Amino acid sequence: HTRSVVVTGVQTCALPTSIIKTIQLKKNHLKAICKVDNNILNVISFNSVDTIIGTYLKNHKNKKFNLAGRLSLNEWNGRRELQLLLDDLSLFNN
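What comes next is a walk through the structure. (Residues numbered from 1 in each chain as written. Predicted model: local features only at pLDDT ≥ 70, side-chain atom pairs only at ≥ 80, totals over all residues. Heavy atoms only, no water.)

Looking now at the packing of aromatic side chains. Summed over the entire model, instances satisfying the criterion amount to 1 aromatic pair. With a centroid separation of 6.1 Å and an interplanar angle of 80 degrees, the aromatic rings of Tyr-56 and Phe-65 are classed as edge-to-face. What makes Tyr-56 partly exposed here is its relative accessible area of 32%. Given the relative accessible area of 0%, Phe-65 is considered buried. (Phe/Tyr/Trp six-rings, centres within 6.5 Å; stacked < 30°, edge-to-face > 60°. Buried < 20%, exposed > 50% of the residue type's maximum accessible area, 1.4 Å probe, protein only.)

Let's shift gears to the environment of Leu-86. Relative to the assigned elements, Leu-86 resides in strand S5 (residues 79-91). Sequence separation between Leu-86 and Ala-68 is 18 residues; the distance between their C-alpha atoms is 6.0 Å. Ignoring sequence-local partners within four residues, the contact set of Leu-86 consists of Val-43, Ile-44, Ser-45, Ile-53, Leu-57, Leu-67, Ala-68 and Gly-69. (Helix = DSSP H or I, 4+ residues; strand = E, 2+ residues; numbered from the N terminus. Contact = heavy atoms within 4.5 Å.)

The element strand S3 (residues 39-45) is extensively covered by neighbouring structure, given that 5 of its 7 residues are classed as buried. Pairing between strand S2 (residues 29-36) and S3: 7 bridges, direction antiparallel. Its bridge partner being in S3, Cys-34 is matched across the sheet by Leu-41. The hairpin turn running from S2 into S3, its antiparallel successor, is 2 residues long, and Asp-37 in that turn takes a positive phi close to 55 degrees. Pairing of S3 with S5, which is carried by 3 bridges, proceeds in the parallel orientation. Note on S5: the bridge partner recorded for Ile-44 is Leu-85. (Pairing = 2+ DSSP bridges.)

Before going further, it helps to spend a moment on the nonpolar core. Val-43, Leu-57, Leu-67, Leu-86 and Leu-89 are the most contacted members of the largest nonpolar core, which has 14 residues in total. Leave out the neighbours within four places in its chain, and Val-43 touches Leu-30, Lys-31, Ala-32, Cys-34, Leu-67, Leu-84 and Leu-86. (Core = buried A, V, L, I, M, F, W, Y, C linked by side-chain atoms within 4.5 Å.)

We now examine the side chain of Asn-42. Position of Asn-42 relative to the elements: it lies in strand S3. Of note is the side chain of Asn-42, whose polar atom sits 3.3 Å from the side chain of Glu-81. The residues contacting Asn-42, other than those within four sequence positions of it, are Lys-31, Ala-32, Ile-33, Glu-81, Leu-82, Gln-83 and Leu-84. (Polar contact = N/O pair within 3.5 Å; in protein donor to acceptor, adjacent residues only side chain to side chain.)

Summed over all chains, the structure comprises 3 salt bridges. Between Glu-75 and Arg-80 there is a salt bridge whose closest N-O contact spans 3.9 Å. (Salt bridge = Lys/Arg side-chain N within 4 Å of Asp/Glu carboxyl O.)

Below you can see the structure in the form of structure tokens.
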């Protein structure tokens, strides 16, 4: 079975995904390393440490999520990676 991702003019997408690891960045931000099929996607959630979204990202074991946000190209130290700037999430129900 295949999954499709729809990207609109405002670059929003929803991806059913598993979270491998969540890392706190600075004081208020979270980075989730996610697995979508066999691909890894970095997800950045700004100002979310003490929010409901942050709680879900930090307590992700044995759960799958629908993630919604804006795709962005992260260029740092000569590396280019696609990342998702997270706007919202929900639990994924099969």
